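Coordinate analysis (summary)
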Amino acid sequence: MISAHTRVAVVGAGLGGLALARVLQLHGRSVTVFESDASADARPQGGSLDIHAATGQAALRAAGLLDTFRGLARPEAQEWRVLDPVTAATLPFPGPVHDDDSPEIDRGQLRGLLLDSLAEGTVHWGRTVTGATPLDDGTWRLRFGDGTTEDADLVVGADGAWSRIRPALSDATPGYAGVTFIEAGLDDVDTRHPALAAMVGNGTLLATADSKALLAQRNGDGHIRVYAAFRAPQDWQVAEGLDIDDTEAVRAHLLKRFDGWDENLLSLLRSHDGGFVDRPVFVLPVPHTWDHVPGITLLGDAAHLMPPVGLGANLAMLDGSDLAHALVTESSVDDAVRAYESLMLPRSAKAAQDCAEALDHLIPPTDS
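This write-up is about the structure you can find in this document. (Residues numbered from 1 in each chain as written. Predicted model: local features only at pLDDT ≥ 70, side-chain atom pairs only at ≥ 80, totals over all residues. Heavy atoms only, no water.)

**Focus: the packing of helix α1 (residues 15-26) against helix α4 (residues 107-116)**
The following threshold applies: Note on geometry: axes are lines fitted to C-alpha atoms, helical ones only across the stretch in contact, with angles between N-to-C directions running from 0 to 180 degrees. The way it works is that DSSP assigns letters per residue, a run of H or I at least four long becomes a helix, a run of E at least two long becomes a strand, and they are numbered from the N terminus. Roughly parallel means an angle under 35 degrees; roughly antiparallel means over 145; roughly perpendicular covers 65 to 115; every other angle is labelled oblique. Helix crossings get a hand from a simple test, with the near helix turned counterclockwise from the far one by less than a right angle marking a left-handed crossing and a clockwise turn marking a right-handed one. Contact criterion: two residues are considered in contact whenever any of their non-hydrogen atoms come within 4.5 Å of each other. Residues are sorted three ways: Asp, Glu, Lys and Arg are charged, Ala, Val, Leu, Ile, Met, Phe, Trp, Tyr, Cys and Pro are nonpolar, and all the rest, Gly among them, are polar.
Running from N to C, α1 and α4 point in directions that differ by 25°, and their axes come no closer than 9 Å. When the axis of α1 is compared with that of α4, the two are roughly parallel. Where α1 crosses over α4, the two elements pack in a sense that is left-handed. Facing Leu 15, Leu 18 and Ala 19 of α1, the residues of α4 in contact are Arg 107, Leu 110, Arg 111, Leu 114 and Leu 115. Here the contact of α1 with α4 is built from residues that sort into 6 nonpolar, no polar and 2 charged.

Here it is, written out as C-alpha cells:
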C-alpha cells in the first residue's frame, strides 16, 4: 500500500480525479491535483447528472459524502417525458432504466461538493500539464506549459477527452461519433417561460424521429438546457455555410432541420437565451485498453470516453474511488494499479458499448 509520503499526482480536477483525491485523503494519504483551469469557476461545468446507486453513489459513499449529496440532489428530476415530435402527445419512455434511485444534481454542485471536501491546497489551479516522461528510477516527471516540472511516484491521467497523459499509455485518440448536439438554454423558466417549464416538467423531455432529437433538461437553478441532436458530418457548419456564433442563422437552420415538429417543441429553439454551442460527440475505440505501465494510469474520459448518455460521470467517480481503495489496500503501487485496471478496463468496455448502442437508439444512423 502507499505510504503518506508516496507522491500521487492527479492530472485534472474533474469528478473522477476529485473522487480519487477525496478517498485517498480520507485514508490519510497525500495527493496533489493539477488543473489547467485558473479557478473552480473559470468555466461552466455543464448540465444535470443522474447519479446511479451502483456507480456514482457507491463512489460518494466511499468518499463519505453520500448523505451530503442526498441533501443537494433532486429525486423528482428522475422524471422523463417523451413526446411525439409532430403532435407533442406523450409516449412511453423507450430508453434504458438504470435503477429506481438515480437522483439528479447539477454537475457544478457535485464538483463543488467534492472540492469542498478536500484539504486546502490539494488542487493546484492554473497548472497546465503538457505531458509525462518516465524516469530511470521508475517515477514519472510531469511537464507543464510554463516550463516547470513535477516528479511523482504515480501519475493519474484524469484530464478528460483530450488527455495529455494518455499518450504515455496508448496511441488511441477520440474519433467523431457522427452525432452533434447543439446546446441552448433558457433562464428563470418558471417565471419567463411557464408553458415551456410545464411541458418539460421536473426532469428531462425527449422527442426523437428521423435521426434527430430535441432534449430539454431541467437544472436546479430555474435553468433548462436544450439540446438539438442530429447526425451530420463533423464539418457540418462549413457545409451549411454557418458560423456557430451567428445565433439567428443557426436558429433558422435548426428550425428548418426540425421543420414539421410541434410548435411547442420548436419554441425551445425560438425562445432560448444567448447563443448556441456546438458539442460534437467524440468517443474512444471500444474497447480501449493498454498494456500496463508502472507508475501511471488513466480514469474517466481519459480512459473510456463514451457518448453522453448518462454513464460517464458515474464511472469516472467509481474509477477514482476504486483506484484509491486499491492504493490503500494492495501491497504496492504497482499491485494497486494492476488491480484497478483489471477491474476498470472490462467494466468500461461494456459501458462504452452500451452507450454506443443507446446513442444509436436515440439517433439512429441514417442508413439503418
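**Examining the sheet that holds strand β10 (residues 149-152)**
Which entries qualify depends on this criterion: Two strands are said to pair when DSSP picks up at least two bridges between them.
One open sheet accounts for 3 strands, arranged β8-β9-β10; its pairing is antiparallel. Of all strands in the sheet, those bounded by a partner on one side alone are β8 (129-134) and β10. Pairs of neighbouring strands in the sheet enclose a mean axial angle of 25°, with direction left out of account. Examined bridge by bridge, strand β9 (residues 140-144) and β10 share 4 bridges and lie antiparallel to one another. Across the sheet, the residue bridging to Trp 140 is Ala 152, located in β10.

**Description of the sheet that holds strand β12 (residues 175-186)**
Strand order in the open sheet formed by 7 strands is β5-β4-β13-β14-β15-β12-β16, and the pairing between neighbours is mixed. A single partner strand is all that each edge strand has here, and the edge strands are β5 (90-91) and β16 (273-283). Bridge analysis of β12 against β16 gives 7 bridges, and the strand direction is antiparallel. Within β16, the residue paired with Phe 181 across the bridge is Arg 279. Against the sheet, helix α8 (residues 247-257) makes contact with β12, β14 (212-218), β15 (224-231) and β16, and its axis sits at roughly 65° relative to β16, the strand it touches most.

**Re α1**
Put simply, the rule reads: In this analysis, the expected span of each helix is defined as 1.5 Å times one less than the number of residues it contains. Per-residue accessibility, obtained with a 1.4 Å probe over protein chains only, is compared with the maximum for each type, and a residue is labelled buried under 20%, exposed over 50%, and partly exposed between these values.
Over its 12 residues, α1 runs 16 Å from end to end, which matches the ideal 16 Å to within 8%, given 1.5 Å per residue. The element α1 is largely enclosed, with a buried count of 10 among its 12 residues. Gly 28 occupies a position one or two residues after α1 and carries a positive phi of about 80°.

**Regarding the nonpolar core**
Cut-off, in case you're wondering: By convention a nonpolar core is built from buried Ala, Val, Leu, Ile, Met, Phe, Trp, Tyr and Cys residues, the set being connected through side-chain atoms within 4.5 Å.
Core analysis: the biggest nonpolar cluster contains 63 residues, and Leu 110 and Leu 142 have the highest contact counts within it. Leave out the neighbours within four places in its chain, and Leu 110 touches Leu 15, Leu 49, Ile 51, Leu 60, Phe 69, Ile 105 and Met 317. Counting residues in each nonpolar core, the second largest holds 31 residues, with Leu 214, Phe 230, Trp 236 and Trp 261 among its members.

**Things to note about the packing of aromatic side chains**
In plain terms, the rule: Pairing of aromatic rings covers Phe, Tyr and the six-membered ring of Trp, with a centre-to-centre limit of 6.5 Å; geometry is then stacked below 30 degrees between planes, edge-to-face above 60, and tilted otherwise.
Taken as a whole and assessed by the stated rule, the structure comprises 6 aromatic pairs. Aromatic side chains Phe 34 and Phe 144 sit 5.1 Å apart centroid to centroid with 65° between the ring planes, which places their arrangement in the edge-to-face category. Placement of Phe 34 in strand β2 (residues 32-35) and of Phe 144 in strand β9 is noted, with a sequence separation of 110 residues between them. Here Phe 34 and Phe 144 have matching classes, each one buried.

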